[in-house]
Amino acid sequence: MLVSTLTLSAPAAHAAAADTAVTTYRNDNARDGQYSTETQLTQSNVNSTQFGKRVQYPADGQVYAQPLYLPNVTIGGSVHDVVYAATENDTVYAFDADATSAGAPLWKTSLLPSGATAVSNTVTGCGDLQPIIGITGTPAIDSSTNTMYVVSYDSEGGNEVYRLHALDVTTGQDKVPPIVIQATIPGTGAGSVNGMISFDPKTERQRVGLVLANGKVYLAFSSFCDIGNYHGWILAYSNSGTALSLANAYTDTTNGSQGGIWGGDGALVADSTGANLYYISGNGTFDANTGGQDMGDSFVRLNGSLQRQDYFTPFNEQCLSNADLDLGAGGPLLIQGSNALIGGGKEGRIYVVGTTNMGGYTADSALTCGGTEENRTDVDKIQQELAPGTVGAIFSVPAFWNGNGQQDVYITSENGSTSEFSWSGGKLSTTPTSKTTANGGDPVVSSNGTAAGTGIVWNLDSGAVLHAYDPTNLTHEFYDSQQNAARDGVSGYVKFSSVVVTNGEVIAGLSSSVAIFGLLGTSPPPPPPPGGFQVNSGGPAVGTWSADEDVTGGTAVTTTKTVDLTGVTNPAPEAVYQSNHFGNFTYSFGGLTAGSSQTIRLHFAETYWTAVGSRIFNVSINGAQVLTNFDIVSAAGAANKAVIEQFTANADSGGRVTIQFATVKDNAQVNGIEVLPSSSPPPPPPPPPASVLINSGGPAVGSWSADADSVGGTAVTTTKTVDLTGVTSPAPEAVYQSNRFGNFTYTISGYTAGQSKTIRLHFAETYWTAVGSRIFNVLINGTKVLTNFDIVSAAGAANKAVIEQFTANADSSGKFTIQFVTVKDNAQVNGIEID
């Protein structure tokens, strides 16, 4: 085996979170195609302006196996986010996922022994085969041991040989000696000798992806275009740490023939416990209904020792086999929460099969192959069956999505459209709810959990065009790689290609390359501000608190309600509690030192509901749940009252703190977030200047600052002349030529609690001319100081300045909160002075 290694010192474009790892086909053993921790790609930024091809690495053969991905891997002394790709030339590559130009691989390993070659396709008329056949099934990575399991196939002196390798993901070298794949079990089926069937690498084809479960790695086999005495084999191997060994062997046509496990080059399915494995077989002998062991054209459940536990076989199995309509042309999808398998084959009939009672076989005595009786959907005893031709022939694996308050399944037809089916109550909609116009492929779905605006269906179609669709309406396309073909176009589509979506990147295997798409012009996250992050969730910048940022999902909202800050240690400015982010959403703060201890302070105030139990949600920090069934009103003791929940957590290996808010009832909510170095106390607000002069609704004018510290209302300016005569110490005329109107609040902080100040409110009515046209109230720290105030009446005329002056004390948090409440038309102020 030849290994070449290159040490690169360039840092990753962005440190990736641990949950971005993709270690198996379609991201999990359920094969549901859900990439539900994608925080960077959203419906708003996946477009041809912001998203496109970032790099395309050359490879020495067709990349039929789905690429895999690991974040933060140390290779040659440097840390990289790594894409692993395997070719039909028996080569495995490790590429830097975040590079923007195709440099040399991080390492490259040939699995061909000395003198061996990849197997050449000598079969004519078999469009299923590649010119060179080596690694086809998607490898599987055990991230706990940094081991990649991969099956190679080569020719050695005219003999075909399969080997199982256990590669070190940091070097590409075998961690233990590879093992030649061979097995013999009792059976009288095709090719048997003296009552034994032996695995024949000349007739068996390893296509489907590997599975790690029960501490074993499982491999499955089909054939080369139904040629020779083949069977559907599944083999399980164990790794002792020093050697690989065969643990279990199974064929699904022990006493018959065929029954290949094709699965659209998908993979065996395992449930979350690993106790059950599932597959769908192709054409072959079937006699399980009479006590036999042969399982052609069937859904099958095995235990971890590869003993059959249950099955479902369609009533027209013999018709399918006669017509070469393999049920197992496509692979199964497991919806674990529903205990259901979904799949179909060349007939275009879709089956929903329960995993605990699969349905067995039900004969139909009236069946005539090719007759109308064969179209029945009420014979089989399964959860649901849609009619043949509901979609075209299926050579793919369905995808599942849970988001936007709904669940959907996506199924792609061979050289046909991808169809969306709704999923509810354990059943699919009987017809598609939407369809694409693109042809072929294997769909997957990315999202940030169930957060609105983040779901995207991805598909690399048979024309090598990458598509991104709205998961609720597949006729709505966000992006395709032909929109800017000069930059994003790729060629060399390989059958059954399933893209990977993780850490802001979409990774596709092609005929002689691996293409990586992502957001364009991305760069490493900036270091945190001195002292840490302070974010006003859902609102604008307030003092040292930044405007809402670093968030995916959810919705922002503001209020003018007064919030009680008493009894809270180091509260945020009141304006922070008067805005919030709600829904299902995630904040991610990067640029931190990996493993550094951080104090996380979450600020809440319930300004919508008034009763306990109205809003309930969970909060997780870096995957660990820190608040369960949290209720703001209950925690604070009242509505409109601040409460802070504080935690200590370490930045993850990528230097990131990720905070996820998940709704239980109504909507999750947060008002402000602080991520501070644990050794540093929360920074105090900066002291205000000796005098505060705010030009409400307008820009800076002399010593008067531009409009600031307000929530709500609208700014407006005028060119009308304003009369300042008779006013003591007026503001500049320009101050009276702008105003903020509506219902709004100014909050000026940084004073000593109880500190006495003079507050001067500047007004001029430049819109109305008559008394009684504009009437409003003004409150300072909750005390009404102006009631039914009318500017024209107080000034004596329109377009004339008037000042109202008060003395007030800063509240217990050292703030002055000035609230303007409309009675008629709109409340208004032109300038605010605190001295």
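What counts and how
- Residues numbered from 1 in each chain as written.
- Predicted model: local features only at pLDDT ≥ 70, side-chain atom pairs only at ≥ 80, totals over all residues.
- Heavy atoms only, no water.
- Helix = DSSP H or I, 4+ residues; strand = E, 2+ residues; numbered from the N terminus.
- Buried < 20%, exposed > 50% of the residue type's maximum accessible area, 1.4 Å probe, protein only.
- Contact = heavy atoms within 4.5 Å.
- Areas by Shrake-Rupley, 256 points an atom, 1.4 Å probe, with all protein chains shown as cover.
- Pairing = 2+ DSSP bridges.
- pLDDT = per-residue confidence, 0-100.
- Disulfide = S-S within 2.5 Å.
- Axes fitted to C-alpha atoms, helices over the stretch in contact; angles between N-to-C directions.

## Some details on the overall build of the protein chain
- Within the protein chain, the secondary structure is distributed over 6 helices and 62 strands.
- In terms of its C-alpha atoms, the protein chain occupies a principal-axis envelope of roughly 115 × 65 × 50 Å.
- Out of the 835 residues belonging to the protein chain, those deemed buried represent 58%.
- Taking contacts inside the protein chain between residues at least 6 apart in sequence as the whole, the part at least 24 apart equals 66%.
- Accessible surface, the protein chain: about 29300 Å² in total, of which carbon and sulfur atoms supply 49%.

## Looking at the pairing of strand β56 (residues 756–764)
- For β56, the tally of buried residues reaches 7 of 9 residues, placing the bulk of the element in the interior.
- Sheet topology places β56 next to strand β59 (residues 801–809); 9 bridges connect them, and they run antiparallel. Considered in β59, the bridge of H762 is made with I803.

## Some points on the confidence of the model for the protein chain
- Looking at the protein chain as a whole, the pLDDT averages 91, with 95% of positions reaching at least 70.
- The model gives residues 1–14 a pLDDT under 50, and that stretch makes 45 contacts with residues more than four places away or in other chains.

## What to know about the state of the cysteines
- All chains considered together, the criterion is met by 1 disulfide.
- The disulfide partner of C319 is C369, and the gap between their sulfur atoms is 1.9 Å. Handedness of the C319-C369 disulfide follows from its S-S torsion of about -85 degrees: it is left-handed. In this pair, C319 sits in helix α1 (residues 317–322) while C369 sits in the loop between β29 (360–361) and β30 (384–385), placing the two residues 50 residues apart along the sequence.
- The class of C369 is partly exposed, set by a relative accessible area of 44%.

## Brief notes about the environment of N739
- On the secondary structure map, N739 appears in strand β55 (residues 738–749).
- For N739, a relative accessible area of 6% translates into the label buried.
- Separated by 381 residues in sequence, N739 and M358 place their C-alpha atoms 71 Å apart.

## Thoughts on the sheet that holds β56
- As summarised here, the arrangement of the 4 strands in space is β53-β62-β56-β59, forming an open sheet in which the pairing is antiparallel. Each of the sheet's edge strands pairs with one partner strand only, and the pair in question is β53 (692–695) and β59. Averaged over all pairs of adjacent strands, the angle between their axes in this sheet comes to 15 degrees, without regard to strand direction.

## A word on unusual backbone geometry
- Even without being a glycine, R31 presents a positive backbone phi close to 60 degrees.
- The topology assignment puts R31 in the loop between β1 (2–5) and β2 (34–35).
- Here the phi dihedral of N146 falls at roughly 55 degrees; this positive angle occurs in a residue that is not glycine.
- One can find N146 in the loop between β10 (140–142) and β11 (147–156).

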